[in-house]
Amino acid sequence: AVAAAARRRGVATRLLAALDAAAAARGAAVVLLEVAVTNAGARALYAACGYASVGRRPGYYTRAAAPPVDALVLRKDLGVPEAGVKV
């Protein structure tokens, strides 16, 4: 998460780029994450950083005194061949 006072300054974009680079350096072929369907800002950020929706988890996020919220499962291919996959 990025503190509200630091938002819209590219911090989250740099954090995601660092995540992708670290995962790729360790041999990961993809990154998967979940985001609440109601979190429009995060969804836009992830889309701009190359993440695409590949699934949905109904009622994944529970909330006090409110109905649960579905999560979107997002995936980004890192360009690293998966183990056992010939390129």
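Everything that follows concerns the structure shown earlier in this document.
Keep in mind the model is a prediction, meaning the values are calculated, not measured.

Scoring rules and cut-offs
Residues numbered from 1 in each chain as written. Predicted model: local features only at pLDDT ≥ 70, side-chain atom pairs only at ≥ 80, totals over all residues. Heavy atoms only, no water. Core = buried A, V, L, I, M, F, W, Y, C linked by side-chain atoms within 4.5 Å. Buried < 20%, exposed > 50% of the residue type's maximum accessible area, 1.4 Å probe, protein only. Helix = DSSP H or I, 4+ residues; strand = E, 2+ residues; numbered from the N terminus. Contact = heavy atoms within 4.5 Å. Arc of directions from axis to C-beta. Salt bridge = Lys/Arg side-chain N within 4 Å of Asp/Glu carboxyl O.

Draft legend 1. Quick look at the nonpolar core. Grouped together as the largest cluster of nonpolar side chains are 16 residues, with contacts concentrated most on Leu16, Val35, Tyr46, Tyr51 and Leu74. Going through the elements one at a time, helix H1 (11-25), strand S1 (30-36), helix H2 (40-48) and strand S3 (66-77) are the ones with two or more residues in this core. Counting residues per element, this core draws most heavily on S1, which supplies 4 residues. The residues contacting Val35, other than those within four sequence positions of it, are Ala42, Arg43, Tyr46, Tyr61, Asp70, Ala71, Leu72 and Leu74.

Draft legend 2. Quick look at H2. All buried positions along H2 are accounted for by Ala42, Leu45 and Tyr46. Down the axis of H2, the smallest arc covering the buried residues is 95 degrees, so these residues share one side. Exposed side of H2, more than 90 degrees from the buried face: Ala40, Ala47 and Ala48 are the residues found there. At the exit of H2 stands Gly50, carrying a positive phi of roughly 95 degrees.

Draft legend 3. Broad picture of the pattern of salt bridges. Scanning all chains against the criterion turns up 4 salt bridges. Across the pair Asp20 and Lys76 runs a salt bridge, and its minimum N-O distance is 2.7 Å. Here Asp20 is found in helix H1, whereas its partner Lys76 is found in strand S3, with 56 residues between them in sequence. For Asp20, a relative accessible area of 9% corresponds to the buried category. Notably, a salt bridge pairs Glu34 with Arg57, separated by 3.1 Å at the nearest N-O pair. Of the two residues, Glu34 is situated in strand S1 and Arg57 in strand S2 (residues 52-63); the sequence distance between them amounts to 23 residues. Given the relative accessible area of 30%, Glu34 is considered partly exposed. According to the relative accessible area criterion, Arg57 is partly exposed, its value standing at 35%.

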